[in-house]
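# Residue-level structural notes
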There are 2 protein chains.
Amino acid sequence: MSEEEAVERFFERSMPGPETKPLFDLAAEFKIGFYLGYAELTPDGRRFNTAIMTDENAKIVGRYRKIHLPGHSHHIETAPFQHLEKKFFDVGNEGFNVWTTQGVRMGMCICNDRRWAETYRVMALQSAEIVVLGYNTPSVNIHWPEAPHLRMSSHLISMQGNAYGNALWVAAAAKCGSEDGFHMIGGSAIVSPTGEITALAQTEDDELIFTNIDLAIGETFREHVFNFAKHRRPEHYGLIVERTGAGAPLGKKPD
Amino acid sequence: MSEEEAVERFFERSMPGPETKPLFDLAAEFKIGFYLGYAELTPDGRRFNTAIMTDENAKIVGRYRKIHLPGHSHHIETAPFQHLEKKFFDVGNEGFNVWTTQGVRMGMCICNDRRWAETYRVMALQSAEIVVLGYNTPSVNIHWPEAPHLRMSSHLISMQGNAYGNALWVAAAAKCGSEDGFHMIGGSAIVSPTGEITALAQTEDDELIFTNIDLAIGETFREHVFNFAKHRRPEHYGLIVERTGAGAPLGKKPD
């Protein structure tokens, strides 16, 4: 399949579009807000890995274009499958935002974003209470021979550490099972601001997980241990926005 | 005890000083580099919650003054004990630095710093390979009725999430047991860049924990999933240095 054919086949030019309209209609009927990830083709030809969020009337209230694109931009002959996010997508150009819907401050990210602390922090600084995301994570790491169990444990630890550190709930939905014969991890999970997993998918089939989200738990953490106004020290965080790569010179020696 | 008496009794005017010199002498004899936390009184009267790191000859190679001071600045009559870090200490004024000693890029932080993602990220951006810290964490949270088991789980999850997310090792040493009759958590631990706990103290007595640190594990993560130069997007992280508190206006709506 050529790149043009792939874009034609997999990308959406509108949301909802003809294929997704039935989902919106059904959600509106049942008064269910949802998150949906898709490949977005803009009228001017830009391509983003995008997600939207709806309210209980299936009205889109927020859109997120993925910022942390993993993988590579060129075909790797020796790899069992390709991880071409950097080829097929532009880096998201709208930042990490938070929307109030159904009375809750909601943020979104996509897949690999969940491994980056900045994702959650930028949303927490906008008072996010819940962050939702979808992910497709292959069980085999094509970049180096990573132990298979780490694919699941690092997925969970990333969300647990950052849910706690940002006093928010995280809800993550896997596309699991196999795609083109390649297995993907499951592990759809809901994580509390305590860092605890309060719901975890048990199968690799269609499965509904749910939890009783008490937003006051996050509020308590935001008032005390993670009271940003009292405890954060942005004057010491400068490198986070100044430096893209690692490999800096030695730090300051004591006087 | 008055504030002046407390400072006179608990603060160090030099490091090493008369009481700590024997530790330095013994460490040099056995060729062991170490980390030591203490209350620092500077010649001009400033007070910091400070830690130093030595090389194998007990020469101080790095100093860190604690940045994330938890607790409160005034006596709370109703609390079973006081948490007066904001009263007794100034916010550290030297940032998060990294030093090369014994061939390793080493960073330091102290106690509550381990719960803040910026702590690790600023050091990872200076190519830290190992971050060490000491902590005194009471088992009872005097600020709100937190479930006791969360004191241990949030301690571990913070280090696991951030060790993984920054491709570095974390080694944390507790002062545990009881102080003035108040119990503190144990849980001294060493965490790998995989996010896995590779050593964990089992008791609340003096105990030595150790692990076989393979620095190449961190290097692998830094080359791939956390290749900062390839994947970080500082243009979207601005709020982290612009905003101290939470409670921001609503995010941008989709167009």
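This structure is a prediction, so every number in the text was calculated from the model and none was measured.

This brings us to the packing of helix 4 (residues 117-124) of chain A against helix 4 (residues 117-124) of chain B. Two elements in contact, helix 4 of chain A and helix 4 of chain B, have axes separated by 11 Å at closest approach and are oriented at 135°. When the axis of helix 4 of chain A is compared with that of helix 4 of chain B, the two are oblique. Where helix 4 of chain A crosses over helix 4 of chain B, the handedness of that crossing is left-handed. Along its contact with helix 4 of chain A, which presents Ala117(A), Glu118(A) and Arg121(A), the element helix 4 of chain B presents Ala117(B), Glu118(B) and Arg121(B). Residues of the contact of helix 4 of chain A with helix 4 of chain B, tallied by class, amount to two nonpolar, no polar and four charged.

Turning our eyes to something else, we now look at the packing of aromatic side chains. Scanning all chains against the criterion turns up 18 aromatic pairs over all chains. When the ring of Phe221(A) is compared with that of Trp144(B), the centres are 5.1 Å apart and the planes differ by 75°; the resulting orientation is edge-to-face. A residue pair is termed interchain when its members come from two chains, as with Phe221(A) in helix 6 (residues 215-223) and Trp144(B) in the loop between strand 7 (130-135) and helix 5 (148-166). When the centroid spacing of 5.0 Å and the interplanar angle of 80° are considered together, the rings of Phe24(B) and Phe34(B) count as edge-to-face. Taken together, the residues span a long stretch of sequence, with Phe24(B) in helix 2 (residues 21-30) and Phe34(B) in the loop between helix 2 and strand 2 (35-41) at a distance of ten residues. With relative accessibility at 14%, the residue Phe34(B) sits in the buried group. An aromatic cluster of three or more residues is present, and its members are Trp116(A), Trp144(A), Tyr164(B), Phe221(B), Phe226(B) and Phe228(B).

Turning next to the interface of chain A and chain B. Of the residues lining the interface, 78 residues belong to chain A; the matching set on chain B comes to 78 residues. A combined buried area of about 6900 Å² lies between chain A and chain B, and 63% of that area is made up of carbon and sulfur atoms. Our enumeration of links across chain A and chain B arrives at four salt bridges. Between Glu118(B) and Arg121(A) there is a salt bridge, and its shortest N-O distance comes to 2.7 Å. Between chain A and chain B we count 22 residue pairs in polar contact (both at pLDDT 80 or more) in total. Among the elements of the structure, strand 4 (60-65), strand 5 (98-101), helix 4, helix 5 (148-165), helix 6, helix 7 (228-231) and helix 8 (239-242) of chain A are those that each provide at least two residues to the side of chain A that touches chain B. Ranked by the residues each element gives to the side of chain A that touches chain B, the list is headed by helix 5 of chain A, at nine residues. Classifying every residue of the side of chain A that touches chain B gives 33 nonpolar, 29 polar and 16 charged.

What counts and how
- Along each chain, residue indices are assigned from 1 in the same order as the chain's sequence is written.
- Lettering for chains starts from A, numbering for ligands starts from 1, and both go in the order in which the items are written.
- The predicted nature of this model means local features are confined to residues of pLDDT at least 70 and side-chain atom pairs, given and counted, to a pLDDT of 80 or more, with totals for whole chains, interfaces and linings taken over all residues.
- The side-chain numbers reported here are obtained from all heavy atoms of the structure, hydrogens and water having been left aside.
- Geometry is summarised by axes, namely lines fitted to C-alpha atoms with helices restricted to the contacting stretch, and by angles between N-to-C directions that run from 0 to 180 degrees.
- Secondary structure is summarised from DSSP: a helix means a run of H or I of at least four residues, a strand means a run of E of at least two, and numbering begins at the N terminus for each.
- In this scheme, roughly parallel covers angles under 35 degrees and roughly antiparallel covers those over 145, while 65 to 115 is roughly perpendicular and the rest are oblique.
- In this scheme the crossing of two helices becomes right-handed for a clockwise turn of the near helix relative to the far one and left-handed for an anticlockwise turn of less than a right angle.
- Contact definition: two residues touch when any of their heavy atoms are within 4.5 Å.
- Charged means Asp, Glu, Lys or Arg here, nonpolar means Ala, Val, Leu, Ile, Met, Phe, Trp, Tyr, Cys or Pro, and polar covers whatever is left, Gly included.
- Working definition: a ring pair exists when centres of Phe, Tyr or Trp rings (six-membered ring for Trp) sit within 6.5 Å. Plane angles under 30 degrees give stacked, over 60 give edge-to-face, the rest tilted.
- The classification of residues rests on relative accessible area computed with a 1.4 Å probe and restricted to protein chains. Under 20% of the type maximum is buried, over 50% is exposed, and intermediate values are partly exposed.
- Summed over both partners, the accessible area lost on bringing two parts together, with a 1.4 Å probe, is the buried area.
- For this analysis, a salt bridge means a side-chain nitrogen from Lys or Arg found within 4 Å of a carboxyl oxygen belonging to Asp or Glu.
- N or O atoms within 3.5 Å of each other form a polar contact, as long as, within protein, one can give a hydrogen and the other can take it, and as long as residues adjacent in sequence are counted only when both atoms are side-chain atoms.

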